[in-house]
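Chain by chain, the residues:
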Amino acid sequence: MKLTIGNIRITDIVLGEQSKVENSTLFVNSKELEALLLEDGNIVSVCFDVAKPGESTRITPVKDVIEPRTKVCDGDCNCDCGIFPGVVSKVGTVGKGKTHVLKGMAVVTTGKIVGFQEGIIDMSGIGAEYTPFSQTINLVLDFVPRDGLAAHDYERSLRLAGLKAANYLGDLAKNIKPDEEIVYEFLSMAEGAKKYPNLPRVGYVQMLQSQGLLHDTYVYGVDMKQSLTTMISPTEVFDGAIISGNCVSACDKNTTYHHQNNPVVTDLFARHGKDLNFMAMIITNENVYLADKERSSDWTAKLVEMLGLDGVIISQEGFGNPDTDLIMNCKKIEALGVPTVIITDEYAGRDGTSQSLADVDVSANAVVTGGNANEVITLPKMNKIIGTQEYVDVIAGGFENNVQPDGSIVVEIQAIIGATNEMGFNKMSAR
Amino acid sequence: MLKILHYINQFYGGIGGEEHAGHLPEMREGAVGPGTAFVAAFGADAAITHTIICGDSYFGENTEAAKEAILDMVREVKPDLFLAGPAFNAGRYGFACGTICDAVKAELDIPVLTGMYEENPGAEAFVDKMHIVATRDSAVGMRDAVPKMAKLALKLARGEKIGASIEEGYMPGYMRVNFFEEKRGSERAVDMLLAKMKGEPFVTEFPMPDFDRVDALPPVVDITKAKIALVTSGGIVPKGNPDRIEASSASKYGEYDITGVTDLTEATYETAHGGYDPTYANVDSDRVLPVDVLREMEAAGKIGALHNKFYTTTGNGTAVKSSAAFAIEFAAKLKNDGVDAVILTST
Amino acid sequence: MRRESLRLSDRAKAGSFVLSFFITEMGVAAINKLLTNNFMAAQRFANSLDVDFRDLPPMDILKAARDLVHLGHKLLTHPVTSGTAPQGSPYVSIIISAEGATTDFDSVSIIESAIAVYTKTKIIHQLPENIAKDFMLIDCEMLAKDTQIYKT
């Protein structure tokens, strides 16, 4: 599968009359976009805002972050498909042909689904150093649901609204000439093995959170908790094959943006054909039932064995009981004699002296960490709050009475979107 | 100017070597021995106002008493930081540095810092309880150790944020601290995997705790026919401790014949262990090594027999590596002697 | 008297065995236990699980689960919540097998590590009612997958 990613740099977002992309600026007709989003009767109103890097702005509670993309296949890939297949586009295999990306910006959705929901993006100050979304120009959509809407329904409406908005914006770039193009080619097993016979066959196992409301991930629209461990082409993730239904405990949940820009996939492609042969991407789930954990990790190891891989990177999502899935996957793959590297994060307590993981095993001898999520920082007061800071007090990573007299707030970095991402999106580590 | 109290052993205190290891804790004003190097490194930021000197054997054999005496001295001085060592690879000195730092930190809430070689048993015992700067294995490493320790000591004394272990030079295992790497996590993962696949060295960012789990053996088929042996890390030895098993950081184990012995009395047995109040074990060593009860069970036919030898050491600060080596040796003897099961007692 | 009651309980046991066997053939396991301090979960699963509701802090629920594990019951769900606040949700719900013949060591190790996690977790008990309710909901949702189809 060959996919060309065409990046169109966006350096400004302007709310205006006509939606278009012109000279690296995204113009958004908010009336038109609002009408599209309000087609969902569960949403009463939506407020649009733009947050730019360096501004004294805080966005919270963030539901999802999404990068606008669009398929521009010109009929040359014979695909009749769209971004987020099986969700907002019809079901159809993606990951081939050409995709245009509005680079440098993101759609950020906010909305309080449950009372203890966190998710902070600070556009400046110390908090900005911990989230990648302080570096993107964000079009923020702040929703108000209809009265009495159940949490499930609200979650689904918010999730879909963000994706719809991203596709609406992405489609504006169909006829724009990209600033740069990157080609990703993922060969069949047979071709790949033949092409690089002397390079180690490397696979990527991506664990997707799938435990229930606010802890779910969807693949082509399928709730991952209902799936057996399976395979996917890494190029598909660039086209939104995997989307996020996660948002609580924000630091180590993969937003849809993270999936669209999966750093393990990107970095394996970067070494593909040079130091390694990137042969397979396996996706597995993280369920609550122990029998599910056993079954899914059995399947992960079995696929690694069937594919004849020489080494595997395993990335986790979330913390707590997913540590058990991570260790099961690692142990079972190592038991096959296949070396693994796992990517996780830590909950070592505020002073860093507690046991970091809920499950450990000596076979996990190569670990990359996204850092200690319990580390405490003080976020300065921001001039502008998009969303509501009302619940910061009880957010994951928050303290009781954590608002200081000067308006600054004391939080664990756990409250910050993507701070300890376990796909290795960030530079942060811990020792 | 910050006030620092320095703890050193009799050797570095200039009192003498092994023959003076029983030296009682004493406190002197100002810096002594390695303290002078620290004074130079601290410059105008801090002063070593007092130095406590204590013999390593005294500390090991009278740990509780030594701790109390030293804590009283620390209470009197009220330093901003309690500095111990560096102990390099001296096992008992390392044990003393770790033990006293742990007590000062826990009981007086004063920041502490010590330094030692990574294989010092004191490091193994205390690495998860305090900042221990990694040093070389002998005093040759003093020159490297002092600036590192001095820098970290000042930060700790001032209550400043402590960086990650690789930035500050303390041993990993105590405190996990975030810092920013050059490369993002996914790239580090790819690098690590390539190294691991090639068999090249790599450094894991989170060393997994190794609990050294041992799989349980199948149960004893018939306990009434089984030959049972007693093994303890509680330090029970014949009165007078004939093999001089150390009170802490034991370097050996003892093998003693108990043929015909039905009761361990105050006159015949005692404990060599320096890590707990020995009164009750000394009055009746059966409390730690239950020879009396097993003799009764043997007589009543509840067990087949009590093996005529027991094996003993002190678990106090003894390195896991040493313990494992002892066990490998005497487990072979137990097997040779036809022992079916072992009761291990600890304290 | 004693003999009589023994016989009665034996009969009861035999009866439940037949029942559970029957249900298992249908693809449904014997009725598992739900140990919870979440009233919403207790209500929701009252018909599908043998609910043991205890109005106690999470640690007590975990310790009760540990006791059952040592008595031969097996953990069916992971006792550590995932991805909720580090203060931890004040609610814990654990599904445990009806009974078991021998101690399951995987369950022992999982419950022990769960207790270790909760030992370091600071839990806010005085939550506003609406937030407490949301925590209850999420706790329920974690178990919402058909609770009956899982065999031990």
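Structure first, text after, so check above.
Summary of the structure given here.

What counts and how
Residues numbered from 1 in each chain as written. Chains lettered and ligands numbered in written order. Predicted model: local features only at pLDDT ≥ 70, side-chain atom pairs only at ≥ 80, totals over all residues. Heavy atoms only, no water. Helix = DSSP H or I, 4+ residues; strand = E, 2+ residues; numbered from the N terminus. Rg over C-alpha atoms; globule rule 2.2 N^0.38 Å. Contact = heavy atoms within 4.5 Å. Lys, Arg positive; Asp, Glu negative; His and termini not counted. Charge placed at Lys NZ, Arg CZ, Asp CG, Glu CD. Pairing = 2+ DSSP bridges. Axes fitted to C-alpha atoms, helices over the stretch in contact; angles between N-to-C directions. Core = buried A, V, L, I, M, F, W, Y, C linked by side-chain atoms within 4.5 Å. Buried < 20%, exposed > 50% of the residue type's maximum accessible area, 1.4 Å probe, protein only. Salt bridge = Lys/Arg side-chain N within 4 Å of Asp/Glu carboxyl O. Parallel < 35°, antiparallel > 145°, perpendicular 65-115°, else oblique. Left-handed = near helix turned anticlockwise from the far one by under 90°. Nonpolar A, V, L, I, M, F, W, Y, C, P; charged D, E, K, R; others polar. Buried area = accessible area lost by both parts, 1.4 Å probe. Polar contact = N/O pair within 3.5 Å; in protein donor to acceptor, adjacent residues only side chain to side chain. 1 Å grid on protein atoms, 1.4 Å probe; cavity = no way out; pocket = protein on both sides within 12 Å on 5 of 7 lines; lining within 4 Å. Points joined across faces, edges and corners; volume = space filled by probe spheres on them.

### So, the overall build of chain A
No. 1: Secondary structure summary: chain A contains eight helices and 27 strands in total.
No. 2: Taken over the C-alpha trace, chain A has a radius of gyration of 21 Å; the compact-globule value for 431 residues is 22 Å, and the two agree within 12%.
No. 3: Its C-alpha atoms put chain A at 55 × 55 × 35 Å along the principal axes.
No. 4: Residue pairs in contact within chain A that sit at least 24 positions apart in sequence constitute 81% of those at least 6 positions apart.
No. 5: Averaging the coordinates of the 37 positive side-chain charges in chain A and doing the same for the 56 negative ones gives two points 5 Å apart.

### Digging into the sheet that holds strand S2 (residues 50–53) of chain C
All names here are of chain C.
No. 1: A sheet is described by the order of its strands in space; here three strands give the open sequence S2-S1-S3, paired in mixed fashion. Among the strands making up the open sheet, the edge pair consists of S2 and strand S3 (93–96). Taking each pair of neighbouring strands and ignoring which way they run, the sheet shows an average axis angle of 20°.
No. 2: Across the sheet, helix H3 (residues 58–70) lies against strand S1 (33–36) and S3, angled at about 150° from S1, the strand it touches most.

### Brief notes about the sheet that holds strand S12 (residues 137–145) of chain A
Neighbouring strands of a sheet are bound in pairs by backbone hydrogen bonds; such pairs are parallel or else antiparallel.
Residue and element names in this part refer to chain A.
No. 1: In spatial order, the strands read S5-S12-S10-S7; together these four strands make up an open sheet with mixed pairing. For this open sheet the edge positions go to strand S5 (43–51) and strand S7 (62–66), each flanked by a neighbour on one side alone. Across this sheet, the average inter-strand angle for adjacent strands is 20°, counted without regard to direction.
No. 2: Note: strand S10 (residues 105–110) against S12, six bridges, orientation parallel. Bridge assignment links Met105 to a residue of S12, and that residue is Ile137.
No. 3: On top of the sheet, helix H1 (residues 30–37) reaches S5 and S12; it is set at about 140° to S5, its chief contact.
No. 4: Those strands touched by helix H2 (residues 151–170) are S5, S7, S10 and S12, and its axis lies near 160° from that of S10.

### Remarks on the side chain of Ser356(A)
No. 1: Locating Ser356(A) in the fold gives a position in the loop between strand S21 (340–346) and strand S22 (367–372).
No. 2: Among all residues touching Ser356(A), those that are not within four sequence positions of it are Glu346(A), Tyr347(A), Ala348(A), Arg176(B), Phe206(B) and Lys120(C).

### A few points about the nonpolar core
When a protein is soluble and globular, its nonpolar side chains tend to lie buried together.
Residues and elements named next belong to chain B.
No. 1: Ranked by internal contacts, the top residues of the largest apolar core, which has 65 residues, are Tyr7, Phe42, Phe59, Ile70, Val74, Phe82 and Val104.
No. 2: When residues in this core are grouped by element, the largest group, ten residues, is from helix H6 (residues 142–158).
No. 3: Aside from chain neighbours lying at most four places away, what touches Val104 is Leu71, Val74, Phe82, Asp109, Ile110 and Val112.

### Focus: the pattern of salt bridges
Side-chain pairs of opposite charge can arise where the charged atoms are in close proximity.
No. 1: In the structure shown here, the tally under the stated rule is 48 salt bridges over all chains.
No. 2: With a shortest N-O distance of 3.2 Å, Lys225(A) and Asp216(A) are connected by a salt bridge.
No. 3: Take Asp216(A): its relative accessible area is 6%, and that puts it in the buried class.
No. 4: Note that Arg188(B) and Glu205(B) form a salt bridge whose closest N and O atoms lie 2.7 Å from each other. Highlighted residues: Arg188(B) in helix H8 (residues 185–198) and Glu205(B) in the loop between H8 and strand S8 (227–232), separated in sequence by 17 residues. In this pair, the class of Arg188(B) matches that of Glu205(B), namely buried.
No. 5: Bridged by salt links that share partners, the residues Arg271(A), Asp275(A), Lys183(B) and Asp191(B) form one connected network.

### A look at the packing of H3(C) against helix H4 (residues 105–119) of chain C
Residues and elements named next belong to chain C.
No. 1: The interhelical angle for the contact between H3 and H4, taken along N-to-C directions, is 165°, at an axis separation of 10 Å. Classed by the angle they form, the pair H3 and H4 counts as roughly antiparallel. Between H3 and H4 lies a crossing of left-handed hand. Contact residues: Pro58, Met59, Leu62, Lys63, Ala65, Arg66, Val69 and His70 in H3; Ser107, Val108, Ile111, Glu112, Ala114, Ile115, Tyr118 and Thr119 in H4.
No. 2: When grouped by side-chain class, the residues that make up the contact of H3 with H4 number ten nonpolar, three polar and three charged.

### A word on the interface of chain A and chain B
No. 1: At the interface, 54 residues of chain A touch 35 residues of chain B.
No. 2: Carbon and sulfur atoms supply 60% of the area buried between chain A and chain B, which totals about 3700 Å² over both sides.
No. 3: In this structure, the connection of chain A to chain B is made through six salt bridges.
No. 4: Its salt-bridge partner being Arg176(B), residue Glu346(A) comes within 2.6 Å of it at the nearest N-O pair.
No. 5: Here chain A is connected to chain B by 26 residue pairs in polar contact (both at pLDDT 80 or more).
No. 6: Going through the elements one at a time, helix H6 (263–271), strand S20 (311–315), helix H8 (322–334), S21, S22 and strand S27 (428–430) of chain A are the ones with two or more residues in the side of chain A that touches chain B.
No. 7: For the side of chain A that touches chain B, the element with the most residues is H6(A), which contributes six residues.
No. 8: When grouped by side-chain class, the residues that make up the side of chain A that touches chain B number 27 nonpolar, 15 polar and twelve charged.
No. 9: In this structure, S27(A) lies alongside strand S7 (residues 178–180) of chain B, joined through three bridges in antiparallel fashion. Residue pairing in the sheet places Met428(A) in a bridge with Phe180(B) of S7(B).

### What about empty space enclosed by the protein?
No. 1: According to the stated counting rule, one finds five cavities of 30 Å³ or more in the structure shown.
No. 2: Taken as a whole, the largest cavity encloses approximately 90 Å³ of empty space.
No. 3: Forming the walls of the largest cavity are Val288(A), Asn321(A), His78(C), Pro79(C), Val80(C), Thr81(C), Tyr91(C), Val92(C), Ser93(C), Asp139(C), Met142(C) and Leu143(C).
No. 4: Taken together, the residues of the lining of the largest cavity sort by class into seven nonpolar, four polar and one charged.

### Description of the environment of Leu306(B)
No. 1: When you line up the elements, Leu306(B) lands in strand S12 (residues 305–306).
No. 2: Leaving out residues up to four positions away in the same chain, Leu306(B) has contacts with Ile228(B), Leu230(B), Ile258(B), Val291(B), Leu294(B), Arg295(B) and Glu298(B).

### Side note on unusual backbone geometry
No. 1: Along the chain, Thr60(A) connects to Pro61(A) via a cis peptide bond; the corresponding omega equals -5°.
No. 2: Mapped onto the fold, Pro61(A) is located in the loop between strand S6 (57–60) and S7.
No. 3: Following Gly85(B), the chain continues to Pro86(B) via a peptide bond in cis, the omega torsion being 10°.
No. 4: Relative to the helices and strands, Pro86(B) is located in the loop between strand S4 (81–84) and helix H4 (91–108).
No. 5: With a phi angle near 45°, Asn23(A) is a residue other than glycine that sits in the positive phi range.
No. 6: Topologically, Asn23(A) is positioned in the loop between strand S3 (20–22) and strand S4 (25–28).
No. 7: One non-glycine residue, Phe84(A), lies in the positive phi region at around 55°.
No. 8: The topology assignment puts Phe84(A) in the loop between strand S8 (69–71) and strand S9 (97–103).

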